[in-house]
Amino acid sequence: MACFTVIVQIGITNDLHIQPGHDSFFFCFIIESGFFRRFFRVLVLANTICLPINRFWAVIYPSTYRQRTTWYIVFCYTFILVYSLASSLSRALAVNLCEGVCILDNSPTGEVALQIVDLILRYIFPLSVIGSLHTLVIMRVCRLQREENARQEEQRQQLPNHDSQSYARVGRNLSISTLGFTAEMLVLEVIALVFNLMQTAGVVDFRPDSIGRLIYVYLCSLASAINPALAIATVPPLRETIIEILNEWTTFIRGVLRRCRWK
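The name an unreviewed UniProt entry gives the chain is G-protein coupled receptors family 1 profile domain-containing protein, with Fasciolopsis buskii as the organism. Taken directly from UniProt, the Subcellular location (unreviewed entry) text for the chain runs: "Membrane".

Set out below in structure tokens:
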């Protein structure tokens, strides 16, 4: 997705330079406004939000999770699309097309309002959703731990050490994963804030239609690759499955290489 965004954006930007002063509605409100880059940037963010949402369903509703998998998938895809569009509209509304020239709203009031909207949609809302769902999941895990301890006490059986700590390990792994998601968003938003301040001071060009903003979106997309790694590292069954698959592929590749050497 990151490479696709960069390639398309560079191609369109070059086309715009060939025909200066003849901006169309599409180029002005979709490309030059930054809507295109923002849309793909928020797609990555929305996917990150769906990870804890999916985890919430799996932990809170384990009995019906498999039965409603299709519904959950449809919901996540719809949420990703709608949230990305809603978060990107502010960019399209910040430009005007006058006689074939796309004009950005550079007024201080408009810029501040745009930054506030961006902060809410890109950081406060995602962080609130991730934090709230994580809290509910941890509360559920703690309640399961208490119920299991009470059940064992009633049966006058001592729970083995590895089982007594199973829920604690689950909670710890979930916390590590959530911390990784929030840390990723925090770092990216701090970087964006620093560059916006530097642009205000005239040090760098970080406008929505700048190459610097394009590089930032590309790096954000690359950073999203951390999310699957966090999920794999913090979920033992998933980690074991991935290791098993990697071992199978390693064995297969070694066999192919050996046959090639014999030939």
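1. Focus on the overall build of the chain
Across its full length, the chain holds ten helices and two strands. In sequence order, the chain lays out its α and β elements as α-α-α-α-β-β-α-α-α-α-α-α. Looking at the chain residue by residue over its 263 residues, the buried ones come to 37%. A fraction of 74% describes how many contacts in the chain between residues 6 or more apart in sequence connect residues 24 or more apart.

2. Some words on the packing of helix 3 (residues 35-60) against helix 8 (residues 211-223)
Taken N-terminus to C-terminus, the directions of helix 3 and helix 8 make an angle of 20 degrees; their axes are 9 Å apart at the nearest point. The angle between the axes of helix 3 and helix 8 places the two elements in the roughly parallel class. The way helix 3 lies across helix 8 gives a crossing that is left-handed. Every residue of helix 8 that contacts helix 3 at Arg-37, Arg-38, Arg-41 and Val-44 is listed here: Arg-213, Leu-214, Tyr-216, Val-217, Cys-220 and Ser-221. Grouping the amino acids of the contact of helix 3 with helix 8 by side-chain chemistry returns five nonpolar, one polar and four charged.

3. Re helix 8
Along its 13 residues, helix 8 runs 18 Å from first to last C-alpha, staying within 8% of the 18 Å computed at 1.5 Å per residue. Listed as buried for helix 8 are Arg-213, Leu-214, Tyr-216, Val-217, Cys-220, Ser-221 and Ala-223.

4. Here we look at empty space enclosed by the protein
Tallied over the entire structure, the rule returns one cavity of 30 Å³ or more. Put simply, the largest cavity is a space of about 40 Å³. In terms of lining, the largest cavity is formed by Arg-41, Val-44, Leu-45, Thr-48, Glu-184, Met-185 and Leu-188. For the lining of the largest cavity, the elements supplying multiple residues, two or more each, are helix 3 and helix 7 (166-200). Here the lining of the largest cavity gets four residues from one element, more than from any other, and that element is helix 3.

5. Notes on the packing of aromatic side chains
Throughout the structure, instances matching the rule amount to eleven aromatic pairs. Centroid distance Phe-35 to Phe-39: 6.2 Å. Interplanar angle 15 degrees. Geometry classified as stacked. Of this pair, Phe-35 and Phe-39 both sit in helix 3, four residues apart, which is roughly one turn of the helix. Relative to Phe-252, the ring of Trp-249 has its centre 6.0 Å away and its plane inclined at 85 degrees; by these criteria the two rings are edge-to-face.

6. Details of the packing of helix 3 against helix 4 (residues 69-92)
Where helix 3 meets helix 4, the axes come as close as 8 Å, and the angle between the chain directions of the two elements is 145 degrees. Considering only the axes of helix 3 and helix 4, their crossing is right-handed. Looking at the contact of helix 3 with helix 4, its residues break down into 21 nonpolar, five polar and two charged.

7. What about a nonpolar patch on the surface?
Together, Leu-186, Val-187, Val-190, Ile-191, Val-194 and Phe-195 line one region of the surface with nonpolar side chains, adding up to about 450 Å² of accessible area. Mapped onto the secondary structure, Val-190 falls in helix 7.

8. Quick word on the nonpolar core
Ranked by size, the top nonpolar core spans 30 residues in total, and within it Ile-49, Ile-53, Trp-57, Phe-79, Ile-80 and Tyr-83 carry the most contacts. Elements supplying a minimum of two residues to this core: helix 3, helix 4, helix 5 (108-154) and helix 7. If you tally residues by element for this core, the top one is helix 3, at 13 residues. Excluding its chain neighbours within four sequence positions, the residues that come into contact with Ile-49 are Phe-79, Tyr-83, Phe-125, Pro-126 and Val-129. Within the second largest apolar cluster, seven residues are counted, among which are Phe-206, Tyr-216, Val-217 and Ala-223.

9. Brief notes about the environment of Gly-212
Here Gly-212 lies in helix 8. Residues Gly-212 and Phe-195 lie 17 residues apart in sequence; the distance between their C-alpha atoms is 9.1 Å. In this view, Gly-212 contacts Asp-205 and Phe-206; residues no more than four positions away in its chain are not counted.

Cut-offs and rules
- Residues numbered from 1 in each chain as written.
- Predicted model: local features only at pLDDT ≥ 70, side-chain atom pairs only at ≥ 80, totals over all residues.
- Heavy atoms only, no water.
- UniProt positions renumbered as here; feature names shortened; annotations may be inferred.
- Helix = DSSP H or I, 4+ residues; strand = E, 2+ residues; numbered from the N terminus.
- Buried < 20%, exposed > 50% of the residue type's maximum accessible area, 1.4 Å probe, protein only.
- Contact = heavy atoms within 4.5 Å.
- Axes fitted to C-alpha atoms, helices over the stretch in contact; angles between N-to-C directions.
- Parallel < 35°, antiparallel > 145°, perpendicular 65-115°, else oblique.
- Left-handed = near helix turned anticlockwise from the far one by under 90°.
- Nonpolar A, V, L, I, M, F, W, Y, C, P; charged D, E, K, R; others polar.
- Expected span 1.5 Å × (residues − 1).
- 1 Å grid on protein atoms, 1.4 Å probe; cavity = no way out; pocket = protein on both sides within 12 Å on 5 of 7 lines; lining within 4 Å.
- Points joined across faces, edges and corners; volume = space filled by probe spheres on them.
- Phe/Tyr/Trp six-rings, centres within 6.5 Å; stacked < 30°, edge-to-face > 60°.
- Patch = residues over 30% accessible without salt bridge, like charges linked within 9 Å, V, L, I, M, F, W, Y side chains within 5 Å.
- Areas by Shrake-Rupley, 256 points an atom, 1.4 Å probe, with all protein chains shown as cover.
- Salt bridge = Lys/Arg side-chain N within 4 Å of Asp/Glu carboxyl O.
- Core = buried A, V, L, I, M, F, W, Y, C linked by side-chain atoms within 4.5 Å.

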